[in-house]
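# Architecture and fold: a report
The residues making up each chain are set out below.
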Amino acid sequence: MNVVNTLQIIVANMLIYSTPLIFTSIGGVFSERGGIVNVGLEGIMTIGAFSSVVFNLTTAGMFGSMTPWLSILFGALIGALFSSLHAVATVNLRADHIVSGTVLNLMAPALGVFLLQVFYQQGQININEQIGYWNVPLLSNIPVIGKIFFTQTSLPGFLAIVVAILAWYVLFKTRFGLRLRSVGENPQAADTLGINVYAYRWAGVLLSGVLGGVGGAIYAQAISGNFSVSTIAGQGFISLAAMIFGKWNPIGAMLSSLLFGLFTSLAVVGGQIPGIKEIPSSFLQMAPYVFTIIVLALFLGKAIAPKADGVNYIKSK
Amino acid sequence: MNNKTRKVLVPLIAIVFGFLLGAIIMLAFGYNPIWGYEDLFISALGSARSIGETLQTMGPLILTALSFAVAMKVGLFNIGMSGQALAGWISSMWFALSFPDIPRLLMIPLVVIIGMVFGAFMGFIPGILRALLGTSEVITTIMLNYIMLFFSTFMIHSMFQKNILMDNTTDQTKLISANASFRTNWMSSLTDNSTLNIGLIIAIIALVIMAIIFTKTTLGFEIKAVGLNPDASEYAGISAKRTLILSMVVAGALAGLGGVVYGFGYMQNFVSQSASLDIGFYGMAVALLGGNSPIGILFAALLFSVLQTGAPGMTNDGIPPEIVKVVTAAIIFFIAVKFIIEVMLPKAKAIKASEATKKKGEKA
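For clarity, every value in this text was computed on a predicted model and none was experimentally measured.

## Description of the overall build of chain A
From N to C terminus, chain A includes 12 helices and two strands. At 20 Å, chain A has a C-alpha radius of gyration in line with the 20 Å of a compact globule built from 317 residues. Overall, the C-alpha framework of chain A stretches about 70 × 50 × 40 Å when taken along its three principal axes. The 317 residues of chain A split such that 57% are buried.

## Let's talk about the nonpolar core
If you look at the biggest cluster of nonpolar residues, it comprises 209 residues, and the most contacted ones within it are Leu240 of chain A together with Phe19, Ile62, Phe182, Phe264, Phe304 and Ile323 of chain B. Looking at which element gives the most residues to this core, the answer is helix α4 (residues 97–120) of chain A, with 13 residues. Both of domain 1 (1–31 + 319–364) and domain 2 (60–313) of chain B provide at least three residues apiece to this core.

## Some thoughts on the domain arrangement of chain B
All names here are of chain B. Here chain B is partitioned into domain 1 (1–31 + 319–364) and domain 2 (60–313). Each partner contributes residues to the interface: domain 1 has 10 residues there, and domain 2 has 10 residues. Where domain 1 abuts domain 2, roughly 910 Å² becomes buried across the two surfaces, and 83% of that area is made up of carbon and sulfur atoms. The tally of links between domain 1 and domain 2 comes to zero salt bridges. Across the contact surface, domain 1 and domain 2 share zero residue pairs in polar contact (both at pLDDT 80 or more). Among the elements of the structure, α1 (3–28) and α14 (323–336) are those that each provide at least two residues to the side of domain 1 that touches domain 2.

Rules and cut-offs
Residues numbered from 1 in each chain as written. Chains lettered and ligands numbered in written order. Predicted model: local features only at pLDDT ≥ 70, side-chain atom pairs only at ≥ 80, totals over all residues. Heavy atoms only, no water. Helix = DSSP H or I, 4+ residues; strand = E, 2+ residues; numbered from the N terminus. Rg over C-alpha atoms; globule rule 2.2 N^0.38 Å. Buried < 20%, exposed > 50% of the residue type's maximum accessible area, 1.4 Å probe, protein only. Core = buried A, V, L, I, M, F, W, Y, C linked by side-chain atoms within 4.5 Å. Domains from an automatic or database assignment. Contact = heavy atoms within 4.5 Å. Buried area = accessible area lost by both parts, 1.4 Å probe. Salt bridge = Lys/Arg side-chain N within 4 Å of Asp/Glu carboxyl O. Polar contact = N/O pair within 3.5 Å; in protein donor to acceptor, adjacent residues only side chain to side chain.

This is the structure:
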C-alpha cells in the first residue's frame, strides 16, 4: 500500500469522524460559556440523529440527493426544541445542570426508539440517501497534498471548520459573544448592566441544541446511515471531552475534535497500517477520554471553566 | 406544611407527573394508557415469578443508588457508577472463572471483596484528582466510564484465558460454576424459578450499614459536614480532602458490588459491552427519586424495578416498552425541577388554611 493512499484514507476518515464532534463540541462551548453545563449533548445528538433519519425517509422521494442536507437542518431544529427542555429546567426552574442533562441522555434514546417503533414497527432503520465522499474543486488537483487532503473527503467536515471559525468570531468579536460570556462569568454583574441573563443563557443552550442536533444528524446521514439505540453511543461525551480539551474555545474544540477523530479513524482503518495495527483498537478508542482526564488534571487545574458555569442565577426581585 | 411531608410529597408528585406524561404520549399515538399501565403492573407483580424478577432487579439498583448517594452527601456527583460496576463485575468474574473449584462459603465473600476493591479503585481516581487538583469529578467519572468500557473489551479479547470463554467467540465467557452463583434453590423455588438471588439480601445489608454510617458514626457526620461546608469542616478539624477521597472510595466499592450482584446474580457470566451499563444511570435515577436517603432509595428502587420488569408486558397492547424509559426520565425531570412543585405546594395549603396566612399577613 503506498504512503499517499494510506495518508489519504487516514486524513479523510479523520475529517469524517471529527465532523459530528466539531459541531457538537462547539454547541457545548456556547452553552457553557453562557453558564449552563450541558452533559446532555449525547441526548441532543441522539435526537438529532433520530429526527434527521425520519425526515430523510419521509422526504427522500421528494428531494432526491438534497435530502440528507435538509435532514440535517431538520435535525438542528428538533435538537433546538429538545434542548429547550434543558434550558427551561436550568435557566427558569433552578434545576441542577447535571441532573437535567442526564435526563436528556435518558430521554433521547427511549423517545427515539419508541417513536421508531410507532412509525416503522422496528428498532433500527436504514436510510438510502446518504452524504457520500466529496472532492474539493481545484484544490484536489494539487499533486500529493491535494490527493491527501482534498480527495474522497467530507464536505460537512470543511463546513464544520468554517463554522468553528465563525463561532470563534461570534464568541470573541461580537456584542452577542461578549454578553454571552459575561452571563457565564458573572451573571450578577451582567444583570446590573441591563443584560437579560435568562435570555442569553437560553440562547446559549439553544445554540448547543442546534449544533448538537446538526452533529447527531451528520453522524446518521454521513457515517452510520441508520438510526438505532446504539447509533449515538458515546459521541456526545467525546464532544464534551473535546470542548474541555479545547478549553471552552470553538477553535480549541475543533482541534481537539480533529485529534479525537484521528483516534477513531486509526481505530477503524488502522488494521491495515503497520505500526498502528499492533495497538489494540480498544486503546485507540479509549485515548480521547484518557487524554482529557490527564490534561484536565495536570495542565488546566480548576480555574479554566467559565466562572459561573453550572451556577443557577436567581434574579432578585 | 412541614419539611417531612414536603420531602415525601415532592417525589410522589413527580411520579404522578411522570406517569401522566407517559399516558399523554400513549394517547397521542393512539394507545390506551390504562391498559398499558395495567399490563405493566401485572407483568411486574402478577405472579410469584414476576415478583421474584422485580425483587432481583432491585439488588444492583439499590447498590448503585447508594453509591451515588454517598458521593452526593459529600457534595460530589458520581456519574461513574457504570464504569465502577463494570470494573467490579469483570474482575470478580475473571477470578471466579479462573478458580471454579473454590468452595461456596469462601467463593462468595471473595468475589464480593474483589469486586468492591476494583470498584473502589475506580472511585479513588476521581476522588484523589478532585481532592488534590480540583479536577471536576463529573468529567473524570464520565470519562472513566468509557475508559473502563473499552478496557473491559480489551480484557475479554486479549487477557482472558481461552478456556474460560464460550466456544467460538471472544465476546462472552462461560457460565460460572454453581458454587459461585448467587442464585439459591430456596429463593428460586420460592418464586417459581425466577432469577431472585442473595444479591438482594447483600444489597439490603449494604443499605442498613450505610444508614448506620450516615446517622450513627463519625464518618457519616464528617461526610455530611464536608458536603454542607468544606471550609467550616476544615476549621472544625475535619480533613475535607481525606473525607472526599474516602467517600469516593466507598461510592466506588458500592457500585462495584452492584456490578458483582448483577454479574453473579442475574447474568451468570461476563458479556462484552457496547455501551455503559444501564444499572449505573438508573442507580442515579433511583438515588435522586429517593432523595439520597436509604429508605427513599429502597422505595425508589422498588418502583424502578417494577417499571423495568413490567415494561415488556406492554407489548401485549402493542405499546413499545421504551415508553417506560421515557416515564423514568420524566420522573427525574420533575424531581430536578422540584422548585416548581415546591412553589405549588404552600399555595395549595394557603387556600385550605387561610387562617394561617392571615396570621402571617398580620405579622408582616
